[in-house]
Amino acid sequence: MTTVVREHLPFSAAELIRAWVTGWAPAREVPPPIEVAGGFRLHVGLPGHRVRYVLFDVERAAELARTRTAPGTWIKVLAPAERLRPLLTPAWTVGEPEYPMTGPLRRAAASVPSGYTLEVEPAGAVVLVRLRAADGTVAAHGRMAVTGETAVADRIGTDAAHRRRGLGSVVMTALGDAAAARGAHTGVLVASPDGYALYTTLGWTRHGVLTPAWIPEPAPDSVPAQPRPAR
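Thresholds applied
Every residue gets a number counted from 1 within its own chain, in the order that chain's sequence is written. Since the coordinates come from a predicted model, pLDDT governs what is reported: local features require at least 70, and pairs of side-chain atoms require 80 or more to be given and counted, while whole-chain, interface and lining totals use all residues. As a rule here, side-chain values cover all heavy atoms of the structure and leave hydrogens and water aside. Working definition: helices are DSSP H or I runs of at least four residues, strands are E runs of at least two. Numbering for both runs from the N terminus. The buried label applies to any residue whose accessible area, calculated with a 1.4 Å probe on protein chains only, is under 20% of its type's maximum; exposed applies above 50%, and partly exposed to all values in between. Note on pairing: DSSP must find at least two bridges between two strands before they are called paired. Any two residues having at least one pair of non-hydrogen atoms within 4.5 Å are treated as being in contact.

Engineer: Sorry, what's going on with unusual backbone geometry here?
Structural biologist: Phi is mostly negative for residues that are not glycine, and the peptide bonds are mostly trans. Positive phi outside glycine occurs at R155, with the angle close to 50 degrees. You can see R155 is positioned in strand β12 (residues 150–158). A positive phi angle is found at R164, which is not glycine, with a value near 65 degrees. Turning to its location among the elements, R164 is positioned in the loop between β12 and α4 (167–181). For R164, a relative accessible area of 88% corresponds to the exposed category.

What follows is the structure, given as structure tokens:
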């Protein structure tokens, strides 16, 4: 089994996927993941994104691609697109690469820029962080689900009008502090190509590539639905 080695915890590929889906589910308020051969299944229940398989075994992805034909089915596999694409039928669409990452979590006070207010809100196992601008609008936000020694960061974003001001770093620092206070030591996330640079500058480590693929689900007017981002 492939092993992902880092300073704060050793993760195998299977353990990395388990840690991510275990936190992603409460962060997205969907039912807990169900373990299947080669990975996990999640019931997402969104238009165009009904069910998701997150896999560390590319051969299992090939099997699912042959046997799962329902529109709205997604597969995410820890393998580059060039390995996955030849295994798929023409029904599947392959998306942009995503990047599993881990990073150490520590207690640290976030330095909030002038004109912004930081809000940290516990919601069960999930911590919500918001940065509000002077007019009260949410300028940046994120959430982290704490699942023991690991915690999963999700839905990290900055409004276009407030970018390039370091707000993403503030959100991540606040999330890390809150998760560390709850006993978590290691953060896990899956970064988009746009978000990858931010997490790298914060000291997070990339572990391979996660490739998404899905069967599009027709909209009521028969126009193929655009998949809702659900990284």
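Engineer: I tried to follow the pairing of strand β10 (residues 126–132) on my own but got confused; where do I start?
Structural biologist: Within a regular beta strand, the side chains point alternately toward one face of the sheet and then the other, so they alternate between its two faces. Counting buried positions along β10 yields five of seven residues, so the element is predominantly enclosed. The hairpin turn running from strand β9 (residues 117–123) into β10, its antiparallel successor, is two residues long, and G124 in that turn takes a positive phi close to 70 degrees. Looking at chain direction, β10 and strand β11 (residues 138–146) are connected through seven bridges and run antiparallel. In the strand pairing of β11, V126 is matched with A145. Hairpin remark: β10 followed by β11, antiparallel, with five residues in the connecting loop; positive phi at G136, about 90 degrees.

Engineer: I keep staring at the environment of T93 and nothing clicks. Help me out?
Structural biologist: Mapped onto the secondary structure, T93 falls in strand β7 (residues 93–94). Residue classification places T93 among the partly exposed residues on the basis of a relative accessible area of 30%. Residues T93 and A191, 98 residues apart in the sequence, show an inter-C-alpha distance of 20 Å. When sequence neighbours within four positions are dropped, the list of residues in contact with T93 reads P212, A213, W214 and P216.

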